[in-house]
Amino acid sequence: MLKETIICIVIVVLISLGNYMTQNYTKETVGELSTELWDLKEKVIQQEKEKLKNSLEEIDRQWGKKHEKLAYYIEHDELEKIETELVAMKGNVEIEDYDSLMSGIEKSIFILKHIEEKYDFNLQNIF
């Protein structure tokens, strides 16, 4: 009986630790990418066209690194939404469609926040 109890406690601790680690990584990723997207939005508003492409490439590079780890525990559909928006934003920069670019930035920020909230450990998400 004691052996089963110890095993159950170890399993609960491991699950809690794993959840804590993944939740922190998700929050860190969302924070970093959201900040980069807000900076990109500011560059669009200030019409710094030369810097837009470089900033978007940096965001895409960061996303590529983060995507690999996020894919272990987040639904791929959610991650594909972000990738789709990044590709659309690149196209909008190429054709200089800044209204659509702003829309894509807002959608990306919303999706990132949604991912963070969806995988947050709280009672609403448990039940």
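Residues numbered from 1 in each chain as written. Predicted model: local features only at pLDDT ≥ 70, side-chain atom pairs only at ≥ 80, totals over all residues. Heavy atoms only, no water.

K.L.:
Describe empty space enclosed by the protein, and please don't skip the residues or the numbers.
P.N.:
Empty space among the atoms becomes visible once a probe the size of a water molecule is rolled across them. One pass over the full model with this rule turns up 1 cavity of 30 Å³ or more. Volume-wise, the largest cavity comes out at about 30 Å³. Lining of the largest cavity is provided by Thr26, Thr29, Val30, Trp63, Leu70, Ile74, Leu112 and Ile115. Among the elements of the structure, α1 (2–45), α2 (49–70) and α4 (98–118) are those that each provide at least two residues to the lining of the largest cavity. Counting residues per element, the lining of the largest cavity draws most heavily on α1, which supplies 3 residues. Considered class by class, the residues forming the lining of the largest cavity number 6 nonpolar, 2 polar and no charged. (1 Å grid on protein atoms, 1.4 Å probe; cavity = no way out; pocket = protein on both sides within 12 Å on 5 of 7 lines; lining within 4 Å. Points joined across faces, edges and corners; volume = space filled by probe spheres on them. Helix = DSSP H or I, 4+ residues; strand = E, 2+ residues; numbered from the N terminus. Nonpolar A, V, L, I, M, F, W, Y, C, P; charged D, E, K, R; others polar.)

K.L.:
Quick one: what's the story with α2, residue by residue and with numbers?
P.N.:
Each full turn of the α-helix corresponds to 3.6 residues, which orients residues three or four apart in the same direction. Across its 22 residues, α2 extends 31 Å between first and last C-alpha, which sits within 8% of the 32 Å expected from 1.5 Å per residue. Buried-residue contacts for α2 involve α1, α3 (76–94) and α4. (Expected span 1.5 Å × (residues − 1). Contact = heavy atoms within 4.5 Å.)

K.L.:
An account of the pattern of salt bridges is needed here, citing residue identities and associated values.
P.N.:
Going through the model one piece at a time under the given rule, you end up with 9 salt bridges. In this structure, Glu28 engages Lys66 in a salt bridge whose closest nitrogen and oxygen atoms are separated by 3.3 Å. Residue Glu28 is found in helix α1, and its partner Lys66 is found in helix α2; the two are separated by 38 residues along the sequence. Overall, the relative accessible area of 13% leaves Lys66 in the buried class. (Salt bridge = Lys/Arg side-chain N within 4 Å of Asp/Glu carboxyl O. Buried < 20%, exposed > 50% of the residue type's maximum accessible area, 1.4 Å probe, protein only.)

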